Amino acid sequence: MRDACATLTSQYPQLQCVDGTAEATSLADNSIDLATVGQAMHWFDLKRTRNEFVRVLRSGGWCAVIYNNRRMAGDAFQEGYEKILVEYGTDYGAVRGRYLTEERLAAFFVHDAMSSAVFANSQQLTLEALQGRILSSSYMPQPGQPHYSEMSRTIEDLFSENETGGHVRMEYDCVVCYGYLS
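Residues numbered from 1 in each chain as written. Predicted model: local features only at pLDDT ≥ 70, side-chain atom pairs only at ≥ 80, totals over all residues. Heavy atoms only, no water.

Participant: Help me understand the overall build of the protein, please; the structure alone is not making it clear to me.
Facilitator: When helices and strands are counted, the protein shows seven helices and four strands. In the protein, the succession of helices and strands from N to C terminus is α-β-α-β-α-α-α-β-α-α-β. Here the C-alpha coordinates of the protein stretch approximately 55 × 40 × 30 Å along the principal axes. A buried classification covers 31% of the 182 residues belonging to the protein. If you take every contact in the protein between residues at least 6 apart in sequence, the share linking residues at least 24 apart comes to 78%. Summed over all atoms, the accessible surface of the protein reaches about 10,900 Å², with 51% contributed by carbon and sulfur. Of the charged side chains in the protein, 15 are positive and 23 negative, and the gap between their average positions amounts to 6 Å. (Helix = DSSP H or I, 4+ residues; strand = E, 2+ residues; numbered from the N terminus. Buried < 20%, exposed > 50% of the residue type's maximum accessible area, 1.4 Å probe, protein only. Contact = heavy atoms within 4.5 Å. Areas by Shrake-Rupley, 256 points an atom, 1.4 Å probe, with all protein chains shown as cover. Lys, Arg positive; Asp, Glu negative; His and termini not counted. Charge placed at Lys NZ, Arg CZ, Asp CG, Glu CD.)

As structure tokens, then:
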């Protein structure tokens, strides 16, 4: 992701990409006003990340954690998609269990200092985009692996049963949790 971002430096001369991780950013103490995380916090060591963010944030600095939480129910497509992940995902249950709820995120922020906002969000997916979306998940079988062919047929069936105008609609709630860390 850092390499992809670095390709934008010619368009945005003030953009600086640095080598680091959430737990060890390599940024100077008290050097930033806002730490943001998009769709990745479940991979971090939260205690070490919190300590690092507190170190690099200026006094009064903010933190924002942003997630697109896929809706797992509500219509035949959302429910069918979830069923595919449960049925064919190699370790989907373990990965899903790592996702951070608002309650778990609240512990990352100063006591009673986290606020949140929720925004409806959706993606219109062609069959090819739906297949790519599923295959981009680390827990789904890839070509040549067991159950891949069966899963592919199930995806095609789900799409054909739910498409309108050549698209299906993946529904999300974009959740933004924000506040102070110290």
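Now that the structure is up, let's keep going.
Participant: Even after reading the chapter, I still don't get the packing of helix α3 (residues 76-88) against helix α7 (residues 148-162), so can you show me in this structure?
Facilitator: Helix-helix packing is described using two parameters, namely the angle between the two axes and the distance between the axes. Contact geometry of α3 with α7 gives a least axis separation of 10 Å together with a crossing angle of 175 degrees. What the angle tells us is that α3 and α7 run roughly antiparallel. On the side of α3, the interface is formed by A76, F77, G80, Y81, I84, E87 and Y88, while α7 contributes E150, M151, T154, I155, L158 and N162. (Axes fitted to C-alpha atoms, helices over the stretch in contact; angles between N-to-C directions. Parallel < 35°, antiparallel > 145°, perpendicular 65-115°, else oblique.)

Participant: Please explain the pattern of salt bridges as it appears in this structure.
Facilitator: Pairs can form between side chains of opposite charge once their charged atoms are near each other. What the rule picks out here adds up to eight salt bridges. Between D19 and R2 there is a salt bridge whose closest N-O contact spans 3.1 Å. Of this pair, D19 sits in the loop between α1 (2-6) and β1 (32-38) while R2 sits in helix α1, and the two are 17 residues apart along the sequence. For R2, a relative accessible area of 37% translates into the label partly exposed. Here D29 ties to R55 by a salt bridge, and the two come within 2.4 Å at their closest N and O atoms. (Salt bridge = Lys/Arg side-chain N within 4 Å of Asp/Glu carboxyl O.)

Participant: Before we go on, may I ask you to explain the nonpolar core in this structure?
Facilitator: Taken as a class, soluble globular proteins show a tendency for nonpolar side chains to be buried jointly. Membership of the largest hydrophobic core comes to 19 residues, with the highest contact counts inside it found for Y81, I84, L130, I134 and M140. Of all the elements in the fold, those that place two or more residues in this core are α3, α4 (92-98), α6 (127-135), α7 and β4 (168-179). Formed by 17 residues, the second largest nonpolar core is a distinct cluster that contains V37, F53, L100 and L181. (Core = buried A, V, L, I, M, F, W, Y, C linked by side-chain atoms within 4.5 Å.)

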